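# Analysis of the macromolecular model
Chain residues, written in single-letter form:
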Amino acid sequence: MKQQYLEAGEIVSTHGVRGEFKVLPWADGPEFLTCFHRVFLKGREYEVESARVQKTCTLVKLRGVDTMEEAQALRRTVVKVNRDDVELEEGTYFIADLIGLRVLAEGQEIGTIQEIMTLPGNDVYVVKGEKEYMIPAVSEFLLETNLEEGFVRVKLIEGMQTNAD
């Protein structure tokens, strides 16, 4: 079952004295969090008054969080977004939806996606079954992603298996 609220980052520090704080994003980049009119913290919905990029973080100001002390109380809180507020480009998926999918290679199930490593060049799927594989998330190796049926079909090449027989 798909999660309705997705973890998008963590509040790491305050910024200034008017309740603004820095969010370290867990998405493709800090720009992602500037697109939302609302976020969810500790199960409560907040209206976003402003959000802008500062280096690798997003500076966020929420309605009702107006002092440095109020912002400080939110430090280390996970910022969640409603999946209905996000429009993904075709062929892109939420990491939360990919974790746990069965992985098929040449008609055989080789394991499930346990982790997705976000690296500078591309993401890498960590697949664990009888053996462990690291599969670059590029079209050459990802042949089909089917969230409804719960699988990813891949092409394996030498070197993707991480532990020897």
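Whatever comes next refers back to the structure up there.
Quick summary incoming for the structure in this document. Just so it is clear, the structure is predicted and the values come from calculations on it, not from any experiment. (Residues numbered from 1 in each chain as written. Predicted model: local features only at pLDDT ≥ 70, side-chain atom pairs only at ≥ 80, totals over all residues. Heavy atoms only, no water.)

The next thing to look at is the overall build of the protein chain. Each helix and strand counted, the protein chain has 2 helices and 12 strands in total. Along the protein chain, from the amino end to the carboxyl end, the secondary structure elements read β-β-β-β-β-α-β-α-β-β-β-β-β-β. For the protein chain, the spread of C-alpha atoms along the three principal axes comes to 55 × 30 × 25 Å. Sorting the 165 residues of the protein chain into buried and exposed places 36% on the buried side. Element-wise, carbon and sulfur atoms account for 46% of the exposed surface of the protein chain, whose accessible area totals about 10300 Å². Treating the 19 positive side-chain charges of the protein chain as one cloud and the 29 negative ones as another, the clouds have centres 8 Å apart. (Helix = DSSP H or I, 4+ residues; strand = E, 2+ residues; numbered from the N terminus. Buried < 20%, exposed > 50% of the residue type's maximum accessible area, 1.4 Å probe, protein only. Areas by Shrake-Rupley, 256 points an atom, 1.4 Å probe, with all protein chains shown as cover. Lys, Arg positive; Asp, Glu negative; His and termini not counted. Charge placed at Lys NZ, Arg CZ, Asp CG, Glu CD.)

Note that arginine 76 resides in the loop between α1 (68-72) and β6 (78-82). Judged by its relative accessible area of 61%, arginine 76 is exposed. Sequence-wise, arginine 76 and glutamate 132 are 56 residues apart; in three dimensions their C-alpha atoms are separated by 33 Å. Excluding residues that lie within four positions of it along the chain, arginine 76 makes contacts with Glu10 and Ile11. (Contact = heavy atoms within 4.5 Å.)

Moving on to the pattern of salt bridges. Evaluation of the coordinates by the stated rule reveals 11 salt bridges. A salt bridge links aspartate 66 to lysine 61; its shortest N-O distance comes to 2.8 Å. In this structure, arginine 153 and glutamate 144 form a salt bridge, with 3.3 Å as the shortest nitrogen-oxygen distance. Several salt bridges converge on common partners, so that one network encompasses Glu47, Glu49, Lys61, Arg63 and Asp66. (Salt bridge = Lys/Arg side-chain N within 4 Å of Asp/Glu carboxyl O.)

One pass over the structure, following the stated rule, counts 1 cavity of 30 Å³ or more. Taken as a whole, the largest cavity spans an internal volume of roughly 40 Å³. Forming the boundary of the largest cavity are Val23, Leu33, Val39, Val48, Val60 and Val79. For the lining of the largest cavity, a count of residues per class yields 6 nonpolar, no polar and no charged. (1 Å grid on protein atoms, 1.4 Å probe; cavity = no way out; pocket = protein on both sides within 12 Å on 5 of 7 lines; lining within 4 Å. Points joined across faces, edges and corners; volume = space filled by probe spheres on them. Nonpolar A, V, L, I, M, F, W, Y, C, P; charged D, E, K, R; others polar.)

Let us now look at the pairing of strand β3 (residues 38-41). Where a strand is regular, its side chains alternate between the two sheet faces. Note that β3 and strand β4 (residues 44-54) share 4 bridges and pair antiparallel. From the neighbouring strand, valine 39 faces β4, where its bridge partner is tyrosine 46. What sits between β3 and β4 in their antiparallel hairpin is a turn of 2 residues, with lysine 42 showing a positive phi close to 50 degrees. Across 2 bridges, β3 lies against β6 in antiparallel orientation. Among the inter-strand pairings, leucine 41 is bridged to a residue of β6, identified as valine 79. (Pairing = 2+ DSSP bridges.)

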